[in-house]
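Chains, contacts and geometry: an overview
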Amino acid sequence: MKYLVFDIETRIDKGLVRAVYHPDEPLSDEEAYERVRQHLRQEYDSDFFPVPFHVPICVVLGRVSDDLRLSAVDTYSVAELSEAEVVRRFWAEVEAMDAKLVSFNGRGFDLPVLELQALRHGVAAPRYFNERYGLRYRYSDQQYDLHDFLTNAGAVRLRGGLDMLSKLIGLPGKTTVRGEQVEALWGAGETQAISRYCRRDVIQTYLLLLRVERMRGRVSQAQLEALWAAAAAWRAEL
């Protein structure tokens, strides 16, 4: 079984924020965004916007072969593509792939964001949306959300997320960039920094996958050590 490890980074659609929350007030998009952000902080102690307001600006795909070796890491970013094309490229890959989709919290965030952007841009993904026991099926074995698995389908709250788990297994985790900085980086035009950050998350998700597969007894210790050694060039990017 091949694997496709993925992650996304997003910006906030400030025009949509204004249209939804302050349609009749003489506010700019930025003013409406700041007002709603402050409200979220006061109400929920977090300024994380709901899923519909997130727009993918980078999608990174890690291609993993049948023997669990990471063979390539591909980036689709607004540094080279339109936002609509970033979304189209992801769905084209998913529709064409013969692989298991691997993510960290992909069920809870990445895929819902990408689904709504498919709706926005008129992207068709009939295999994903229509197969009865396909990728979208809650218990599909074609989709492997490591967060979902490690939290026992939400029974346990895992504070610290991928950063904490990466450090737990000896990886650097988040270093110079963290998720909450992406919006500011986008505003500053730092699209390459966003792409590098997303790429590092995909590499660490892949390495976490290896350790989870060892924990589940689906690879031997010798196989894990060989795969870890084979990933030395990827680990050097972290």
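Residues numbered from 1 in each chain as written. Predicted model: local features only at pLDDT ≥ 70, side-chain atom pairs only at ≥ 80, totals over all residues. Heavy atoms only, no water.

Next up on the list: the overall build of the protein chain. When helices and strands are tallied, the protein chain shows 11 helices and five strands. Relative to a compact globule of 238 residues, whose C-alpha radius of gyration would be 18 Å, the protein chain shows 18 Å and is just as compact. With respect to the three principal axes, the spread of C-alpha positions in the protein chain is 65 × 40 × 40 Å. By the burial criterion, 47% of the 238 residues in the protein chain qualify as buried. By sequence separation, contacts in the protein chain at least 24 residues apart represent 70% of the contacts at least 6 residues apart. Accessible surface, the protein chain: about 11,900 Å² in total, of which carbon and sulfur atoms supply 49%. (Helix = DSSP H or I, 4+ residues; strand = E, 2+ residues; numbered from the N terminus. Rg over C-alpha atoms; globule rule 2.2 N^0.38 Å. Buried < 20%, exposed > 50% of the residue type's maximum accessible area, 1.4 Å probe, protein only. Contact = heavy atoms within 4.5 Å. Areas by Shrake-Rupley, 256 points an atom, 1.4 Å probe, with all protein chains shown as cover.)

Before going further, it helps to spend a moment on the pairing of strand 1 (residues 3-12). Buried residues dominate strand 1, accounting for 10 of its 10 residues. Residues of strand 1 alternate between two faces, with Tyr 3, Val 5, Asp 7, Glu 9 and Arg 11 on one and Leu 4, Phe 6, Ile 8, Thr 10 and Ile 12 on the opposite face, all of them buried. Inspection of the sheet shows strand 1 paired to strand 2 (residues 54-64) by 10 bridges, in the antiparallel sense. The partner of Ile 12 across the bridge, within strand 2, is His 54. (Pairing = 2+ DSSP bridges.)

In this section: the state of the cysteines. Within the structure shown, the criterion is met by zero disulfides. The thiol of Cys 58 is not disulfide-bonded; the next cysteine sulfur, from Cys 198, is found 4.1 Å away. (Disulfide = S-S within 2.5 Å.)

Before going further, it helps to spend a moment on the sheet that holds strand 5 (residues 143-145). One open sheet holds the five strands; their spatial order is 3-2-1-4-5, and the pairing between them is mixed. Each edge of the open sheet is held by one strand with a lone partner, namely strand 3 (70-77) and strand 5. Averaged over all pairs of adjacent strands, the angle between their axes in this sheet comes to 25°, without regard to strand direction. (Axes fitted to C-alpha atoms, helices over the stretch in contact; angles between N-to-C directions.)

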